[in-house]
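Understanding the architecture of this molecule
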Amino acid sequence: RRLPISVIIIALFVVGFALMGFEMLGSRYLNPHFGSSINTWASLISVVLFAEGTSSDGNRVLQFRSALVGAASEVLTQGGGEVWLQPLSISYPRLDGLPMGRLHRPRVAWYGDTDFVPHLKDYVLHGAIDAVVTFGEPVPFDGGDRKAMVRSLEAAVRRMRIEALRGDFPAKAA
């Protein structure tokens, strides 16, 4: 039995609202003791930046933008401690248990001027879609050459995506 799309949307909204509330309460609690600097906010909220900067049709990885790593440089400039960058790949290799192929990936990817709610409804009602989320090794960022760092991360994401689409999953350490 499938849940109605309206129930899923309401649940996502409530969870997001609750998470934001906890973050705001945490900041109010820490503010008298630590202030409201960028360091306090960085310790409260995990920041996720996608260096790709935009989405594609699911068939390719777009070029990463080094400017989006500028936020990591700003944290270092403000004395925020260590900054780690971690490559992440999200791939959709199978639809209803069969290899998805280039033709069907745009139906899964949300990109361009596509409205989110109709896309989400089509996604949920479409059938079983396998998603593979692959985390690469975290890399310490010292504020040095952003372009070299972004090229390295982009290469890691491309490699992880190809492995996921081929079904070549690295063995997990016990």
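Residues numbered from 1 in each chain as written. Predicted model: local features only at pLDDT ≥ 70, side-chain atom pairs only at ≥ 80, totals over all residues. Heavy atoms only, no water.

Here we take up the overall build of the protein. What the protein contains, in helices and strands, is six helices and five strands. The secondary structure elements of the protein, listed N-terminal to C-terminal, are α-α-α-β-β-β-α-α-β-β-α. Taking contacts inside the protein between residues at least 6 apart in sequence as the whole, the part at least 24 apart equals 71%. Accessible surface computed for the protein: about 12,200 Å², of which carbon and sulfur atoms make up 60%. (Helix = DSSP H or I, 4+ residues; strand = E, 2+ residues; numbered from the N terminus. Contact = heavy atoms within 4.5 Å. Areas by Shrake-Rupley, 256 points an atom, 1.4 Å probe, with all protein chains shown as cover.)

Rolled over the atoms, a probe as big as a water molecule pinpoints where empty space is left. Tallied over the full model, the rule gives one cavity of 30 Å³ or more. For the largest cavity, the calculated volume is near 40 Å³. Looking at the largest cavity, the residues that line it are L95, H104, R107, V108, D122, Y123, H126 and I129. Listed by contribution, the elements that provide at least two residues to the lining of the largest cavity are α4 (101-108) and α5 (116-126). Here the lining of the largest cavity is built from residues that sort into four nonpolar, two polar and two charged. (1 Å grid on protein atoms, 1.4 Å probe; cavity = no way out; pocket = protein on both sides within 12 Å on 5 of 7 lines; lining within 4 Å. Points joined across faces, edges and corners; volume = space filled by probe spheres on them. Nonpolar A, V, L, I, M, F, W, Y, C, P; charged D, E, K, R; others polar.)

So, about the environment of D96. Relative to the helices and strands, D96 is located in the loop between β2 (88-95) and β3 (98-99). Each C-alpha atom, one on D96 and one on A128, is 4.7 Å from the other, the two residues being 32 residues apart in sequence. Apart from the residues within four sequence positions on either side, D96 is in contact with H126, G127 and A128.

For the rest of this paragraph, the subject is the confidence of the model for the protein. Predicted confidence across the protein gives a mean pLDDT of 76, with 75% of residues reaching 70 or more. The secondary-structure element of the protein with the lowest mean pLDDT is helix α2 (residues 38-44), recorded at 57, while helix α6 (residues 146-166) shows the highest, at 90. (pLDDT = per-residue confidence, 0-100.)

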